[in-house]
Amino acid sequence: QVQLLESGGGLVQPGGSLRLSCVASGSSFNVMGWYRQAPGKQRELVAAISSGGITNTADSVKGRFTISRDSAKKTVYLQMNTLKPEDTAVYYCNVGLLLTSPGKYWGQGTQVTVSS
């Protein structure tokens, strides 16, 4: 059974930083990634990374967010800098096969709120 455990969300002021972590249990995965869903909006890809280190990052966060992984620890990270109010959302960890679309396993989500 695959389980994904996220941590690191919270409340931060605009311009601030947060680091999200997600630890996977079970099998190893080719792609680990982060998606987010804001109220009233569809869930969208934030960033994903393959086991070989290839990344896919949404244009809206390029230059501000960085995804990385420690495959030995089955952990994926999302470093979020220069946060904006529009980054407010529930962030979900996901594992699968493709950099462009999610796999079937999801974490429970962690809330990120950017507000002054």
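What counts, and where the lines are drawn
- The numbers attached to residues start from 1 for each chain and follow its sequence in the written order.
- Residue-level local features of this predicted model are given only where pLDDT is at least 70; pairs of side-chain atoms are given and counted only at 80 or more, and the full residue set underlies all totals for whole chains, interfaces and linings.
- Here the side-chain values reflect all heavy atoms present in the structure, with hydrogen atoms and water set aside.
- When the sulfur atoms of two cysteines come within 2.5 Å, that pair is taken as a disulfide.
- Each helix corresponds to a stretch of at least 4 residues labelled H or I by DSSP, and each strand to a stretch of at least 2 residues labelled E; elements are numbered beginning at the N terminus.
- Relative accessibility thresholds used throughout: buried, under 20% of the residue-type maximum; exposed, over 50%; partly exposed, between the two (1.4 Å probe, protein chains only).
- Grid points spaced at 1 Å and placed over the protein atoms alone form the basis of the search, with a cavity being a set where a 1.4 Å probe fits but cannot get out and a pocket an open set showing protein on both sides within 12 Å along at least five of seven lines. Lining residues have an atom within 4 Å of a point.
- Grid points are joined across faces, edges and corners, and a volume is the space filled by probe spheres set on the points.
- Only Asp, Glu, Lys and Arg are considered charged, only Ala, Val, Leu, Ile, Met, Phe, Trp, Tyr, Cys and Pro nonpolar, and every remaining residue, Gly among them, polar.

Caption draft 1: Structural view of the state of the cysteines. Taken as a whole and assessed by the stated rule, the structure comprises 1 disulfide. Paired by a disulfide, cysteine 22 and cysteine 93 hold their sulfur atoms 2.1 Å apart. Between cysteine 22 and cysteine 93 the disulfide shows an S-S torsion of about -80°. By sign, it is left-handed. Residue cysteine 22 is found in strand 3 (residues 18-25), and its partner cysteine 93 is found in strand 9 (residues 89-96); the two are separated by 71 residues along the sequence. For the residue pair cysteine 22 and cysteine 93, the accessibility class agrees, reading buried in each case.

Caption draft 2: Looking closely at unusual backbone geometry. In the Ramachandran plot, lysine 74 falls in the positive-phi region, its phi being about 50° despite a non-glycine side chain. Residue class for lysine 74 comes out partly exposed when judged on its relative accessible area of 24%.

Caption draft 3: Fine view of empty space enclosed by the protein. Evaluation of the coordinates by the stated rule reveals 1 cavity of 30 Å³ or more. Empty space within the largest cavity amounts to approximately 30 Å³. Along its surface, the largest cavity is lined by Val31, Met32, Gly33, Tyr35, Ala48, Asn94, Val95, Gly96, Leu98, Ser101 and Pro102. Where the lining of the largest cavity is concerned, the elements lending two or more residues are strand 4 (31-37) and strand 9. Among the elements that make up the lining of the largest cavity, the one with the highest residue count is strand 4 (4 residues). When grouped by side-chain class, the residues that make up the lining of the largest cavity number 7 nonpolar, 4 polar and no charged.

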